[in-house]
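Overview (structure and organization)
Spelled out, the chains give:
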Amino acid sequence: MRISAIQMNQTSDKQANLDQARRLIEGALAADRPDMVTLPETWTNLGGGREARAAAAEVLPEPGGTGGAAYEFLRGIAKGAGIHVHGGSIIEQGPEKFFNTTLVFAPDGREIARYRKIHLFDITGPDGTGYRESALYGAGGALVTFDAGGVKFGCTICYDMRFPEQYLALRRAGAEAIFVPSNFTLMTGKDHWEVLLRARAIETQCWIIAAASWGAYEERGATRQVYGHSLIADPWGHVVAKASDGIGWTTARLDPAVTAKVRRDMPVLEHRRLA
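These lines cover the structure that appears in this document, whether it is placed above or below.

Quick notes on the overall build of the protein
When its secondary structure is counted, the protein shows seven helices and 17 strands. The globule rule puts the C-alpha radius of gyration for 275 residues at 19 Å, and the 17 Å found for the protein is close to it. When the backbone C-alpha atoms are referred to their principal axes, the protein occupies close to 50 × 45 × 35 Å. Taking all 275 residues of the protein together, the buried fraction comes to 55%. For the protein, the proportion of contacts with a sequence separation of at least 24, taken over those separated by at least 6, is 67%. Accessible surface computed for the protein: about 11400 Å², of which carbon and sulfur atoms make up 51%. Both charge centroids of the protein, one from 31 positive and one from 31 negative side chains, sit 4 Å from each other.

So, in structure tokens, the structure goes:
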């Protein structure tokens, strides 16, 4: 299975973000012919404050129902191109707060997975900038896996990657590859992005697919930056595909034989004693 991780520079303009995603996905399809594409975290909105997030948010339908612009965009790409689409995450409108939610669609346009981000980003960065995701978002509470192309995938989002117990739980649930769509800050990304993703790959012996946002955006009158460097790592922890600065994509082929060999030669799951 070939997967393209799309790297965007989204803003608070939802329609412009939809248009950018379409151009990049179409470019990846033409150049690399992937079986699946994946988008970054909250790819329909980055910045602009509460009002912009509310404008981008969508009430998600019951499976099979008609959704909002982003929901139908993802479904349309899947059905039109005949591929699986992992929709990074979008802003879901909940009854009280938003949710940071992943949607996955099969080639026939069916929704096959829905995951709400479990760990919320409430931190102060190295430059003193505060982030309080829980002020606007509720937390999910369920692990989510899905099958596509003979591979079992697990779902996580961005800050989840700092919690290896979630990744171990996904491995125990049968995951062979794990998605990590992200908006990783520049200050933390330059020190932690790649090392954390490689560590999660090595620990779980899973492929890690991390589509990320890149570049500057505006948040309540201040300019912030996200790190980008979307990557795909194999179960041995090698980075087998990586995007540079700028918008674009990176593509790799997931090889089940690599997964099987790594797990056979070093059966760490069977050796675990304390977790």
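Considering the nonpolar core
If you look at the biggest cluster of nonpolar residues, it comprises 42 residues, and the most contacted ones within it are Phe146, Phe153, Trp193 and Ile209. Not counting the four nearest positions on each side in its chain, tryptophan 193 is found in contact with Met161, Val180, Ser182, Phe184, Thr188, Ala210, Ala212, Tyr227, Gly228, His229, Ser230 and Leu231. Val37, Leu60, Ala70 and Tyr71 belong to the second largest nonpolar core, which has 22 residues in total.

Overview of the packing of aromatic side chains
On inspection of all chains with the given rule, the structure shows 10 aromatic pairs. Ring plane angle 15° and centroid distance 5.3 Å describe the contact between phenylalanine 146 and phenylalanine 153, whose orientation is recorded as stacked. Considered together, phenylalanine 146 and phenylalanine 153 belong to a single accessibility category, that of buried residues. Among the aromatic residues, those joined into a cluster by ring pairs are Phe121, Tyr131, Tyr159 and Phe163. A cation over an aromatic ring shows up here: arginine 116 above the ring of phenylalanine 99, its NZ or CZ 3.7 Å from the ring centre.

Looking at unusual backbone geometry
We note that cysteine 158 has phi near 40°; this positive angle belongs to a residue other than glycine. Positionally, cysteine 158 belongs in the loop between strand E10 (151-155) and helix H4 (164-172). Using a relative accessible area of 5% as the deciding quantity, one classes cysteine 158 as buried. In the Ramachandran plot, histidine 229 falls in the positive-phi region, its phi being about 60° despite a non-glycine side chain. Positionally, histidine 229 belongs in the loop between strand E14 (222-227) and strand E15 (231-233). Taking relative accessible area as the criterion, histidine 229 reaches 14% and is therefore assigned buried.

Conventions we followed
Each residue is numbered by its place in its chain's sequence as written, counting from 1. Per-residue local features are limited, in this predicted model, to residues with pLDDT of at least 70; the limit for side-chain atom pairs, both in listing and counting, is 80 or more; totals at the level of whole chains, interfaces and linings are taken over all residues. Hydrogens are left out, water is left out, and the side-chain values use all remaining heavy atoms of the structure. Secondary structure follows DSSP: runs of H or I at least 4 residues long count as helices, runs of E at least 2 residues long count as strands, and numbering of each begins at the N terminus. We compute the radius of gyration from the C-alpha atoms alone; for a globule the expected value is 2.2 Å times N to the 0.38, where N is the number of residues. Burial classes follow relative accessibility: with a 1.4 Å probe on protein chains only, a residue under 20% of its type's maximum area counts as buried, one over 50% as exposed, and anything between as partly exposed. Contacts are assigned to residue pairs with any non-hydrogen atoms lying within 4.5 Å of each other. Here the Shrake-Rupley method, with its probe set to 1.4 Å, supplies the accessible areas, and only the displayed protein chains count as covering residues. We score Asp and Glu as negative and Lys and Arg as positive, and we do not count His or the chain ends. Taken as the charge centre is NZ of Lys, CZ of Arg, CG of Asp or CD of Glu, depending on the residue. To form a nonpolar core, buried Ala, Val, Leu, Ile, Met, Phe, Trp, Tyr and Cys residues must be joined to one another through side-chain atoms within 4.5 Å. Any two of the Phe, Tyr and Trp rings considered here, Trp counted by its six-membered ring, make a pair once their centres fall within 6.5 Å; the pair's planes then place it as stacked at under 30 degrees, edge-to-face at over 60, or tilted in between. In our convention, an over-ring charge means Lys NZ or Arg CZ found within 6 Å of a ring centre and within 35 degrees of that ring's normal.

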